[in-house]
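Fold and contact review
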Amino acid sequence: QVQLVESGGGLVQAGGSLRLSCAASGSNFRINAMGWYRQAPGKQRESVASIAVGSRTVYADSVKGRFTISRDNAKNTVYLQMNSLKPEDTGVYYCNADITYYNRGGFTENYWGQGTQVTVSS
């Protein structure tokens, strides 16, 4: 069983930066694609950024040029560097990962982290 734990959220002024981390713990697994989602107050959860094993990245238009997703495969960790933050970036950020288990015949499951709050003040 794998657990995803996010960290790095907090309160920041507009124009500031935050770096989110998501670490996967467990055994006998490899992480395929990983990504970050967010849910703003009163809105549906949306994809922010994703990264494949080979580090191909996809970003939501609203964060292109400001956010950078990266991963450390050895540490089973994905990061989201958020620069030039705007109030509209406020929300709960969730880590998501597709995980394949070596000891389960290649069985793949999707996991969500518990979320970390990001609040950007005007």
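Preceding this paragraph is the structure being described.
For the structure given in this document, a descriptive report is provided here. (Residues numbered from 1 in each chain as written. Predicted model: local features only at pLDDT ≥ 70, side-chain atom pairs only at ≥ 80, totals over all residues. Heavy atoms only, no water.)

Some words on the pattern of salt bridges
Pairing between side chains of opposite charge can happen when their charged atoms approach one another. One pass over the full model with this rule turns up five salt bridges. In this structure, the salt-bridge partner of Asp61 is Lys64, at a minimum N-O distance of 3.0 Å. Note on Asp61: relative accessible area 65%, which makes it exposed. For Arg66, the salt bridge identified is with Asp89, shortest N-O distance 2.7 Å. Note that Arg66 is positioned in the loop between β6 (57–59) and β7 (67–72) and Asp89 in the loop between β8 (77–82) and β9 (91–101), a separation of 23 residues in sequence. Since its relative accessible area comes to 10%, Arg66 is described here as buried. (Salt bridge = Lys/Arg side-chain N within 4 Å of Asp/Glu carboxyl O. Buried < 20%, exposed > 50% of the residue type's maximum accessible area, 1.4 Å probe, protein only. Helix = DSSP H or I, 4+ residues; strand = E, 2+ residues; numbered from the N terminus.)

Let's talk about the pairing of β8
Extensive coverage of β8 is indicated by the burial of five of its six residues. Bridge analysis of strand β3 (residues 18–25) against β8 gives six bridges, and the strand direction is antiparallel. Bridge pairing in β8 links Ala23 to Thr77. As paired elements, β7 and β8 share six bridges and run antiparallel to each other. Directly across from Ser70, in β8, lies its bridge partner Tyr79. Between the end of β7 and the start of β8, which pair antiparallel, lie four residues, with Asn76 showing a positive phi angle near 50°. (Pairing = 2+ DSSP bridges.)

Some thoughts on the state of the cysteines
This model, assessed by the stated rule, comprises one disulfide. Disulfide pairing is shown between Cys22 and Cys95; the S-S distance is 2.1 Å. Judged by the sign of its S-S torsion, about -80°, the cystine formed by Cys22 and Cys95 is left-handed. Of this pair, Cys22 sits in strand β3 while Cys95 sits in strand β9; the two residues are 73 residues apart in sequence, bridging distant segments of the chain. Of the two residues, Cys22 and Cys95, neither departs from the other in class, the shared state being buried. (Disulfide = S-S within 2.5 Å.)

Observations concerning the sheet that holds β8
Taken in spatial order, the four strands of this open sheet run β1-β3-β8-β7, and their pairing is antiparallel. Both edges of this open sheet fall to β1 (3–7) and β7, since each of them pairs with a single strand only. In this sheet, neighbouring strand axes are inclined to one another by 15° on average, regardless of whether the strands run parallel or antiparallel. (Axes fitted to C-alpha atoms, helices over the stretch in contact; angles between N-to-C directions.)

Here's the deal with the environment of Leu11
Within the fold, Leu11 resides in strand β2 (residues 10–13). With a relative accessible area of 65%, Leu11 lands in the exposed category. The spatial distance from the C-alpha of Leu11 to the C-alpha of Cys95 is 19 Å, given a sequence separation of 84 residues. The residues touching Leu11, leaving out its near neighbours within four places in the chain, are Thr119 and Ser121. (Contact = heavy atoms within 4.5 Å.)

Notes on the packing of aromatic side chains
Within the structure shown, the criterion is met by two aromatic pairs. Where Tyr94 meets Trp112, the ring centres are 6.4 Å apart and the plane angle is 85°; that geometry is what we call edge-to-face. With Tyr94 in strand β9 and Trp112 in strand β10 (residues 108–112), this pair connects stretches of sequence that are 18 residues apart. Relative accessible area serves as the criterion here: at 38%, Trp112 is assigned to the partly exposed category. (Phe/Tyr/Trp six-rings, centres within 6.5 Å; stacked < 30°, edge-to-face > 60°.)

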